[in-house]
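# Structural characterization, general
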Amino acid sequence: MNALPLPAPLSPASPRRLPGDRDVWIFICAELFAFGLFFVAYMHYRSVSVALFNDSQLGLDRSLGALNTILLLTSSWAVVSAVRAARLGRIVAVPRYLAFGIALGLAFMVVKYFEYGAKLNAGITVTTDMFYMFYFCLTGIHLMHVVAGTIVLFVIWLNARAHLYHTGNTTGIEAGASYWHMVDLLWIFLFALLYLLR
Amino acid sequence: MVRWVLMPLQRTWLLLVGATVTVLWMREDGLAGLTIGTATLAIAYAKARLVILDFMELRHAPLLWRCLLEGWLLLVSSLIVTIYASSGAAHHSL
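Conventions we followed
- Residues numbered from 1 in each chain as written.
- Chains lettered and ligands numbered in written order.
- Predicted model: local features only at pLDDT ≥ 70, side-chain atom pairs only at ≥ 80, totals over all residues.
- Helix = DSSP H or I, 4+ residues; strand = E, 2+ residues; numbered from the N terminus.
- Buried ≥ 20, exposed ≤ 12 C-beta atoms within 10 Å, placed from the backbone.
- Contact = placed C-beta atoms within 7 Å.
- Nonpolar A, V, L, I, M, F, W, Y, C, P; charged D, E, K, R; others polar.
- pLDDT = per-residue confidence, 0-100.

Below, the discussion takes up the overall build of chain A. Within chain A one finds six helices and zero strands. Seen through its C-alpha atoms, chain A measures out along the principal axes to roughly 55 × 30 × 25 Å. Taken over 198 residues, chain A has a buried fraction of 43%. The contacts of chain A with a sequence gap of at least 6 include a subset with a gap of at least 24, amounting to 82%.

With that settled, consider the interface of chain A and chain B. Listed as interface residues are 43 residues of chain A and, on the opposing side, 42 residues of chain B. Where the side of chain A that touches chain B is concerned, the elements lending two or more residues are helix H1 (22-48), helix H2 (50-57), helix H3 (62-87) and helix H6 (171-196) of chain A. The residue makeup of the side of chain A that touches chain B, split by class, is 26 nonpolar, 11 polar and six charged.

The phi dihedral of A:His163 falls on the positive side, at around 60°, and the residue is not glycine. Structurally, the position occupied by A:His163 is in the loop between helix H5 (130-161) and H6. Phi at B:Glu57 is positive, roughly 60°, even though this residue is not glycine. Position of B:Glu57 relative to the elements: it lies in the loop between helix H3 (34-55) and helix H4 (63-86).

All names here are of chain A. Here chain A averages 93 in pLDDT, while 93% of its residues score no lower than 70. Of all secondary-structure elements in chain A, the lowest mean pLDDT belongs to H2, at 94, while H5 reaches the highest, 98. Here residues 5-10 is a poorly scored stretch, pLDDT under 50, and it has 18 contacts once near neighbours within four places are set aside; other chains count.

Now the structure itself:
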């Protein structure tokens with residue numbers, strides 16, 4: 001870790017600027033709006049069957065949910081560190097941070113694979129009850145976003161290895177990073193609603 | 001090393017991971033009830049806000065964009081808490 005350069009500090013004195021691409025932010029807002037509706041729908045259905053949701057939730061492995069939260073949070077940290085490194089012109093560090101972020105995204109998928117596998121082996125599927133319908137659908141849709149985000153990070157990593165990102169060009173890496181942080185942001189709520197809330 | 005850990009990004013990461021471990025501990029410890037549930041949601045809100053401000057780097061973005069995402073967070077969190085609280089405290093059992 002010491003070999004990596006220090007990320008640039010936030011600069012409150014610099015003029016206000018939207019990182020990345022405005023169109024990507026519009027897309028992110030649309031995604032957040034859709035997931036917001038999913039969260040509210042989940043809470044509504046939960047409110048009419050609290051006992052069922054609480055009982056079924058006991059079948060989830062909270063530790064694995066927490067582990068996946070930490071994997072995505074750490075991956076987000078690595079990706080924003082890559083952005084800061086690019087801004088500072090420390091171009092050798094950029095692909096290293098991104099590779100770390102990608103590895104953590106892949107680790108998230110591996111954990112989810114084992115989690116889904118354990119549920120299916122126990123005979124629990126999307127049709128088991130309303131809680132598991134939400135569990136499989138919401139985490140499944142989110143997992144697709146993790147896969148898409150990891151592919152985006154991989155493309156950015158290839159570009160970073162070609163030294164495409166530097167002090168004068170950070171738009172692409174910032175745009176990909178903002179999407180990845182959205183994936184992290186959504187999981188924070190999925191973890192709280194599906195695994196913890198009783 | 002200490003200086004590196006205390007830099008803003010690392011500090012944010014530490015807070016986020018610390019909050020995650022805390023909510024897990026609250027559940028593993030068998031705590032339940034409306035208060036714990038509301039605290040869990042409050043911590044999720046705080047974590048999400050840190051991601052928006054420090055990882056998405058909207059703290060120093062144009063106010064429109066910062067307000068848009070923070071507004072989404074506030075609206076969704078408020079709706080979740082309202083539905084949770086109105087679903088009956090008697091049901092918030094272990």
